[in-house]
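Coordinate analysis (summary)
Here's the letter readout for the chains.
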Amino acid sequence: MRERHAYRAARRAREFEAFVAGAAGRLLHAATLLTVEAPDDNPRARRLLTLSLAHTYARWDGLRGEDPYDRTRQELATRFARGAWHRHGGLVRSRPHPASPLAALTPQERLIVVLRLYEGVAEEQAAALLGLSPERVRAICHRATTTLLRRPRGPAPAVRAAKAVPS
């Protein structure tokens with residue numbers, strides 16, 4: 001009996017290690033986008049990912065055909081939303097890293113942009129995950145992408161006055 005349990009535990013650990021080896025990079029990038037930290041200095045994103053992976057590992061045997069990547073992404077999104085709510089009294093602006101591409105967005109907008117555009121989650125799935133209507137998710141995503149596209153990228157180029165050419 002102990003041998004079977006030990007074998008099952010070792011197999012579970014190997015399967016989870018293989019999953020983490022394949023998915024951790026993409027999930028860490030998603031977490032870094034959510035927390036708007038620098039890619040090389042992202043302790044909040046790493047903690048968010050570690051807690052999400054720990055939750056997935058704890059439920060590993062109960063997944064039964066469910067995609068562990070989807071489960072971890074759901075946990076990551078839920079933990080981020082819950083943390084933003086507790087830190088800021090709602091999904092409002094936090095102090096992002098200035099070089100982050102999503103720094104101009106609120107946490108809710110970042111979450112929806114990361115889910116919809118980076119992760120490719122369908123509107124209906126994102127809406128169900130966040131407890132919003134699909135129309136609301138669509139509107140927030142549209143507003144966020146508009147904000148990102150209209151964001152100034154740097155100082156405007158200097159305009160030079162044209163010299164008058166004598167005729």
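Please read all numbers here as calculations on a predicted model, not as lab measurements.

Of all hydrophobic cores here, the largest spans 36 residues; its most connected members are Phe 19, Leu 102 and Leu 111. Counting only elements with at least two residues in this core, the list comes to helix 1 (2-35), helix 2 (43-58), helix 3 (68-88), helix 4 (107-118), helix 5 (123-130) and helix 6 (134-150).

It is worth spelling out the packing of aromatic side chains at this point. Going through the model one piece at a time under the given rule, you end up with 4 aromatic pairs. Taken together, a centroid distance of 6.0 Å and an interplanar angle of 50 degrees make the contact between Phe 16 and Phe 19 tilted. Of the two residues, Phe 16 and Phe 19 are both situated in helix 1; the distance of 3 residues between them amounts to about one turn of the helix. There is no split in this pair, since Phe 16 and Phe 19 are both buried. Taken together through their ring pairs, the aromatic side chains of Phe 16, Phe 19, Tyr 57 and Trp 60 make up a single cluster. The lysine or arginine in question, Arg 12, covers the ring of Tyr 57, its NZ or CZ lying 4.3 Å from the ring centre. Lying across the ring of Tyr 118, Arg 26 places its NZ or CZ 4.4 Å from the centre.

As a further point, take the pattern of salt bridges. Per the stated rule, a full pass over the model turns up 9 salt bridges. The closest approach of N and O atoms between Arg 73 and Glu 119, which form a salt bridge, is 3.1 Å. Residue Arg 73 is located in helix 3, and its partner Glu 119 is located in the loop between helix 4 and helix 5; the two are separated by 46 residues in the primary sequence. We classify Glu 119 as buried; its relative accessible area is 10%. Residues Glu 75 and Arg 79 are paired through a salt bridge, measuring 2.8 Å at the closest nitrogen-oxygen approach.

This part is about unusual backbone geometry. You will see that Val 36, though not glycine, has its phi angle at about 45 degrees, which is positive. Residue placement: Val 36 occurs in the loop between helix 1 and helix 2. Positioned with a positive phi, Arg 64 is a non-glycine residue whose angle comes to about 45 degrees. Here Arg 64 lies in the loop between helix 2 and helix 3. Given a relative accessible area of 73%, Arg 64 falls into the exposed group.

What counts and what doesn't
- Residues numbered from 1 in each chain as written.
- Predicted model: local features only at pLDDT ≥ 70, side-chain atom pairs only at ≥ 80, totals over all residues.
- Heavy atoms only, no water.
- Core = buried A, V, L, I, M, F, W, Y, C linked by side-chain atoms within 4.5 Å.
- Buried < 20%, exposed > 50% of the residue type's maximum accessible area, 1.4 Å probe, protein only.
- Helix = DSSP H or I, 4+ residues; strand = E, 2+ residues; numbered from the N terminus.
- Phe/Tyr/Trp six-rings, centres within 6.5 Å; stacked < 30°, edge-to-face > 60°.
- Lys NZ or Arg CZ within 6 Å of the ring centre and 35° of its normal.
- Salt bridge = Lys/Arg side-chain N within 4 Å of Asp/Glu carboxyl O.

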